[in-house]
Amino acid sequence: QVQLVESGGGLVQAGGSLRLSCAASGGTFSSYAMGWFRQAPGKEREFVAAISRSGGITSYANSVKGRFTISRDNAKNTVYLQMNSLKPDDTAVYYCAGDSRIQGIVIRTTDGYAYWGQGTQVTVSS
């Protein structure tokens, strides 16, 4: 079983950047495909980005393509979400998720991930 802890959220002006980190412990990190999701007040949790176990496959929601980059450093047991050109619509709690059952693919649905962090708040002001 793996524990996930997000960090790096905060308040940023529109057009600015943030880098979120998700640190994993309690498991073999390289065995887990990872994803980022976000949830704004009153809305369902939505897919943002995902990365395969080796980092060779990535996927992004259309709303963040070209602005966000997911990456991982298996030596540091950490997955990152670099967020550039932030918009007020990006304001949400961002969650890190992982699952060791995902092999050779990435998944974009919340029910595809067994392990979740507690979230980190990202607020983008206009």
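Please refer to the structure higher up on the page.
My aim in this report is to walk through the structure given alongside it, one point at a time. (Residues numbered from 1 in each chain as written. Predicted model: local features only at pLDDT ≥ 70, side-chain atom pairs only at ≥ 80, totals over all residues. Heavy atoms only, no water.)

**As for the overall build of the protein**
Alright, step 1. Tallying secondary structure elements over the protein gives 0 helices and 11 strands in all.
Alright, step 2. In sequence order, the protein lays out its α and β elements as β-β-β-β-β-β-β-β-β-β-β.
Alright, step 3. Structurally, the protein occupies a C-alpha span of about 40 × 25 × 25 Å along its principal axes.
Alright, step 4. Excluding contacts between residues fewer than 6 apart, the proportion of contacts in the protein whose partners are at least 24 apart in sequence is 60%. (Helix = DSSP H or I, 4+ residues; strand = E, 2+ residues; numbered from the N terminus. Contact = heavy atoms within 4.5 Å.)

**Section: the side chain of Ser 21**
Alright, step 1. Mapped onto the secondary structure, Ser 21 falls in strand E3 (residues 18–25).
Alright, step 2. Judged by relative accessible area, which is 15%, Ser 21 ranks as buried.
Alright, step 3. With residues near it in sequence (within four places) discarded, Ser 21 still touches Val 5, Glu 6, Ser 7, Trp 36, Thr 78, Val 79 and Tyr 80. (Buried < 20%, exposed > 50% of the residue type's maximum accessible area, 1.4 Å probe, protein only.)

**Some words on the environment of Pro 88**
Alright, step 1. Take Pro 88: it is sitting in the loop between strand E8 (78–83) and strand E9 (92–99).
Alright, step 2. For Pro 88, a relative accessible area of 37% gives the class partly exposed.
Alright, step 3. With 36 residues separating them in the primary sequence, Pro 88 and Val 124 have C-alpha atoms 4.7 Å apart.
Alright, step 4. When near neighbours in sequence (up to four residues on either side) are disregarded, Pro 88 contacts Ala 14, Val 124 and Ser 126.

**Regarding unusual backbone geometry**
Trans peptide bonds make up the majority, and among non-glycine residues the majority have a negative phi.
Alright, step 1. A positive phi is found at Asn 77, a non-glycine position, where the angle reads about 55°.
Alright, step 2. Here Asn 77 shows up in the loop between strand E7 (68–73) and E8.

**A look at the pattern of salt bridges**
Alright, step 1. The final tally for this structure, using the stated rule, is 4 salt bridges.
Alright, step 2. Notably, a salt bridge pairs Glu 46 with Arg 38, separated by 2.7 Å at the nearest N-O pair.
Alright, step 3. Owing to a relative accessible area of 37%, Glu 46 belongs among the partly exposed residues under this scheme.
Alright, step 4. A residue is classified by how much of its surface remains accessible, and Arg 38, at 5% relative accessible area, is buried.
Alright, step 5. Through salt bridges that share partners, Arg 38, Glu 46, Arg 67 and Asp 90 make up one connected network. (Salt bridge = Lys/Arg side-chain N within 4 Å of Asp/Glu carboxyl O.)

**Examining the state of the cysteines**
Alright, step 1. Under the criterion given, the structure shown has 1 disulfide.
Alright, step 2. What pairs with Cys 22 in a disulfide is Cys 96, and their sulfur atoms sit 2.1 Å apart. Across the S-S bond of Cys 22 and Cys 96 the torsion is about -80°, and the bridge reads as left-handed. Separated by 74 residues along the polypeptide, Cys 22 in strand E3 and Cys 96 in strand E9 bring together distant segments of the chain.
Alright, step 3. By relative accessible area, which is 0% here, Cys 22 ends up buried. (Disulfide = S-S within 2.5 Å.)

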